Amino acid sequence: FLINQKLRTNCLGQINILISSIILKILNFFFSNIDFKYKWPNDIFIDDMKLAGLLIETNVKNNDILYSVIGIGINFIPKNKLSSIKTISISDFSNDVKPIDIFLELSKKISNSFNNFENISFSSISNELNRIAYFENKNISIKQNKKTISGNFIGIDKYGSLMISNKNGI
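All of these numbers come straight from a predicted model, not from anything done at the bench.

J.: Describe in detail helix α3 (residues 122–131), supporting the description with residues and values.
T.: F122, I125, S126, E128, L129 and N130 are the residues of α3 that are buried. Of the surrounding secondary structure, the elements contacted by the buried residues of α3 are α1 (12–30), β3 (36–39) and β8 (147–156).

Right, dumping it as structure tokens:
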């Protein structure tokens, strides 16, 4: 998806949690009996298997995002089992939903959301994602600029940032 909308760079994390939330809402609409989990920053899991992910590429100038390209990948058919990443596909639990139906819902919700971006409650989105967080109550490690930071997963804030607790605080 191309989002040709000027936003401030501090909205980048919000774009990420917004799109993740939209994907989850659509998946829950079509598959209400599945327990989907959000793995920060950009993956959707069922149990310990990856179902979907997103990537966002932005063009930035003078602290403004000029446009964003959002790539969403959802596994509809089983993938090569030689990969080290455990995955699951929609065809593993349903053959009733067509990829075009999910694509059309994604298109509609993404368009509506960016048309009303300034009215979105990102606190509500982060709370919703924290309720279904893959890392809930887990000790995690992340790499940032060649430095590894470890701690207990606290959640995702309204800016889409990861919060962990360790000896240095939150």
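Having seen the model, we can carry on.
J.: Pulling in residues and values, what's your account of the packing of aromatic side chains?
T.: Tallied over the full model, the rule gives nine aromatic pairs. Seen in terms of ring centroids, F1 and F103 are 5.7 Å apart; in terms of plane orientation they differ by 15°. Their pairing is stacked. Residue F1 is found in the segment before β1 (2–3), and its partner F103 is found in helix α2 (residues 99–115); the two are separated by 102 residues along the sequence. With centroids separated by 5.5 Å and ring planes inclined at 15°, the aromatic side chains of F114 and F117 adopt a geometry described as stacked. Of the residues examined, F114 reaches a relative accessible area of 5% and is grouped as buried. Judged by relative accessible area, F117 falls into the buried class, the value being 6%. Put simply, the rings of F29, F30, F31 and F93 pair up and form one aromatic cluster.

J.: Let's hear about the packing of α1 against α3: which residues, and what values?
T.: With their axes 10 Å apart at the nearest point, α1 and α3 run at an angle of 55° to one another. Considering the angle they form, α1 stands oblique to α3. Considering how the two elements wind past one another, α1 and α3 form a crossing that is left-handed. Between α1, through Q14, I17, L18, S21, L24 and K25, and α3, the contact on the second element is made entirely by F122, I125, S126, E128 and L129. By residue class, the composition of the contact of α1 with α3 is six nonpolar, three polar and two charged.

Criteria and cut-off values
Residues numbered from 1 in each chain as written. Predicted model: local features only at pLDDT ≥ 70, side-chain atom pairs only at ≥ 80, totals over all residues. Heavy atoms only, no water. Buried < 20%, exposed > 50% of the residue type's maximum accessible area, 1.4 Å probe, protein only. Helix = DSSP H or I, 4+ residues; strand = E, 2+ residues; numbered from the N terminus. Contact = heavy atoms within 4.5 Å. Phe/Tyr/Trp six-rings, centres within 6.5 Å; stacked < 30°, edge-to-face > 60°. Axes fitted to C-alpha atoms, helices over the stretch in contact; angles between N-to-C directions. Parallel < 35°, antiparallel > 145°, perpendicular 65-115°, else oblique. Left-handed = near helix turned anticlockwise from the far one by under 90°. Nonpolar A, V, L, I, M, F, W, Y, C, P; charged D, E, K, R; others polar.

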